Amino acid sequence: MSKPPYADRKPNGLIIDQWPLNRLKPASIRIRRQSKATIAKIKSSLQRFKFVRPILATSNGEIIDGHALLESARELNFDTVPVIVVDHLTKAEIKALRIAMNKLGELGEWDKDALKLEFEAIEALDLDFDLSITGFETAHIDFIMESSSSTEAALAACPKDDEVPDTATVTV
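Summary of the structure given here. (Residues numbered from 1 in each chain as written. Predicted model: local features only at pLDDT ≥ 70, side-chain atom pairs only at ≥ 80, totals over all residues. Heavy atoms only, no water.)

What follows is about the overall build of the protein. A tally of regular secondary structure across the protein gives 6 helices and 4 strands. Reading the helices (α) and strands (β) of the protein from amino to carboxyl end gives β-α-β-β-α-β-α-α-α-α. Put simply, the protein has 172 residues, and 36% of those count as buried. For the protein, the proportion of contacts with a sequence separation of at least 24, taken over those separated by at least 6, is 80%. Of the roughly 10,500 Å² that the protein leaves accessible, carbon and sulfur atoms contribute 56%. (Helix = DSSP H or I, 4+ residues; strand = E, 2+ residues; numbered from the N terminus. Buried < 20%, exposed > 50% of the residue type's maximum accessible area, 1.4 Å probe, protein only. Contact = heavy atoms within 4.5 Å. Areas by Shrake-Rupley, 256 points an atom, 1.4 Å probe, with all protein chains shown as cover.)

In structure tokens form, the structure reads like this:
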């Protein structure tokens, strides 16, 4: 049995480094765009939670995943951002990974009842922030919370910007 072609390549061990913003550059082809409303939501998230998910980039600084995160960090005047360098993949694999990071999160479905339970659990805690920080509009959260059995209708009524970004999903 022969080894797969990537068997001798070693991943970088997922080391998170802090890079200055000017060291990163967008991919030559941006496969996904974010609205100003989405960037505003990402900025709110960064202000509240800070960076909890690094940007993925090649060793020369080309962003694989995290364009919207970088844009948001620039608007917030961050000096540095966390970066994981992906240097064990071929150019073709990097391009495929970029697509996968944007698409795979879209493939999942919301467990509507679990989402309602999660919002209820957050509200039961000592809440000192607005639930819209989750990416959902307040009106949609209220509708979800008020529904008696299923939140399917509430989620169906949510506009595209209210879908939770793939976190890794949205090229952030």
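What follows is about the pairing of strand β4 (residues 80-85). The side chains of a regular strand alternate, residue by residue, between the two faces of the sheet. Within β4, 5 of the 6 residues are buried, which leaves the element mostly enclosed by the surrounding structure. Bridge count for strand β1 (residues 16-20) against β4 is 5 bridges, and the pairing is antiparallel. Following the sheet pairing, P20 is matched in β4 by T80. (Pairing = 2+ DSSP bridges.)

The grouping of I29, I31 and I99 at the surface amounts to a nonpolar patch, some 300 Å² of accessible area in total. Inspection of the secondary structure puts I29 in the loop between β1 and α1 (36-49). (Patch = residues over 30% accessible without salt bridge, like charges linked within 9 Å, V, L, I, M, F, W, Y side chains within 5 Å. Salt bridge = Lys/Arg side-chain N within 4 Å of Asp/Glu carboxyl O.)

Turning our attention to helix α5 (residues 138-146). Along α5, the positions that sit buried rather than exposed are H140, I141, I144 and M145. Mapping the buried residues of α5 onto a view down its axis gives an arc of 135 degrees, with all of them on the same face. Exposed residues on α5 whose side chains face more than 90 degrees from its buried face are A139 and E146. (Arc of directions from axis to C-beta.)

Here we come to the environment of K91. Counting through the fold element by element, K91 comes out in helix α3 (residues 91-103). Exposure remark for K91: the relative accessible area of 71% places this residue in the exposed category. A C-alpha to C-alpha distance of 9.8 Å links K91 and T58, two positions 33 residues apart in sequence.

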